[in-house]
Amino acid sequence: AQSVSQHNHHVILSEAASLELGCNYSYGGTVNLFWYVQYPGQHLQLLLKYFSGDPLVKGIKGFEAEFIKSKFSFNLRKPSVQWSDTAEYFCAVTTDKLIFGTGTRLQVFP
Amino acid sequence: EAQVTQNPRYLITVTGKKLTVTCSQNMNHEYMSWYRQDPGLGLRQIYYSMNVEVTDKGDVPEGYKVSRKEKRNFPLILESPSPNQTSLYFCASSLTQGGGYTFGSGTRLTVV
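Since the model is a prediction, treat every value here as computed from it, not as a measurement.

What counts and what doesn't
Residues numbered from 1 in each chain as written. Chains lettered and ligands numbered in written order. Predicted model: local features only at pLDDT ≥ 70, side-chain atom pairs only at ≥ 80, totals over all residues. Heavy atoms only, no water. Contact = heavy atoms within 4.5 Å. Buried area = accessible area lost by both parts, 1.4 Å probe. Salt bridge = Lys/Arg side-chain N within 4 Å of Asp/Glu carboxyl O. Polar contact = N/O pair within 3.5 Å; in protein donor to acceptor, adjacent residues only side chain to side chain. Helix = DSSP H or I, 4+ residues; strand = E, 2+ residues; numbered from the N terminus. Nonpolar A, V, L, I, M, F, W, Y, C, P; charged D, E, K, R; others polar. 1 Å grid on protein atoms, 1.4 Å probe; cavity = no way out; pocket = protein on both sides within 12 Å on 5 of 7 lines; lining within 4 Å. Points joined across faces, edges and corners; volume = space filled by probe spheres on them.

**Observations concerning the interface of chain A and chain B**
Tallying the contact residues gives 19 residues for chain A and 21 residues for chain B. For the pair chain A and chain B, the two sides together bury roughly 1500 Å², of which 55% comes from carbon and sulfur. The interface formed by chain A and chain B holds 0 salt bridges in total. Connecting chain A to chain B are 3 residue pairs in polar contact (both at pLDDT 80 or more). Elements that contribute at least two residues to the side of chain A that touches chain B include exactly β5 (32-38), β10 (87-94) and β11 (98-100) of chain A. A total of 4 residues in the side of chain A that touches chain B trace back to one element, the largest contributor, which is β5(A). Classifying every residue of the side of chain A that touches chain B gives 7 nonpolar, 9 polar and 3 charged.

**Quick look at unusual backbone geometry**
Residue Pro8(B) is reached from Asn7(B) by a cis peptide bond, and omega for that bond is -5 degrees. Positioned with a positive phi, Lys61(A) is a non-glycine residue whose angle comes to about 60 degrees. By the secondary structure assignment, Lys61(A) is in the loop between β7 (56-58) and β8 (64-68). Of note, Asn28(B) is a non-glycine position whose phi angle comes to about 60 degrees, a positive value. Along the chain, Asn28(B) turns up in the loop between β3 (19-25) and β4 (31-38).

**Focus: the layout of surface pockets**
Reported here for the largest pocket is a volume of approximately 310 Å³. Those elements that provide at least two residues to the lining of the largest pocket are β10 and β12 (104-109) of chain A together with β9 (87-94) of chain B. Taken together, the residues of the lining of the largest pocket break down into 6 nonpolar, 8 polar and 4 charged. By volume, the second largest pocket amounts to about 250 Å³. Together, 17 residues line the second largest pocket, and Glu88(A), Gln37(B), Asp38(B), Pro39(B) and Gly40(B) are the ones closest to its centre. Those elements giving two or more residues to the lining of the second largest pocket turn out to be β10 of chain A together with β4, β9 and β11 (107-111) of chain B. Taken together, the residues of the lining of the second largest pocket sort by class into 5 nonpolar, 9 polar and 3 charged.

In short, shape yes, function no, at least from these values alone.
Right, here's the structure in full:
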């Protein structure tokens, strides 16, 4: 069955630290890949997406992600996090439907 | 403004009392979907719809019904709610099957 794995369940960082959140998926065919962010008490918002082309995609708020097909990975990165990045982050994959990972809770302390 | 609108935002109900959560999108999207979000489990798909009168089960469809009589609306129906359906529910829509989804603001349902 298709699945998405996010290995970091809870990440705690200080402001200005670098961030990398892991995402792996299991599906042998063509996929579209997404990262969504959910700020406390809010709905999900699209952070970035990959459909094809350059495997390094840039999203909003300084986030980027790299698609590595051989590793079935789509890790999210940010060079320097801010307190306002405190949120839950979800990796998602579309095959015939949109499948989410279990999410990574990021806490950034000033 | 392009958006997905869910109502109500909060709902407390009793076991067995039928309820409907409405979802409407104004973007002429073909695809619509319902998810529930539970701590530690992420978002799990309940039902999805590829077009008017075309719906299919997601990963956790038990205890839920949907309908898609019009393109813009995709209500979620709980015929006989139970406490294990207490959750945060999101409706989402997308123009294409593989595209990015736009999410509604969520409905927090408590069944006592």
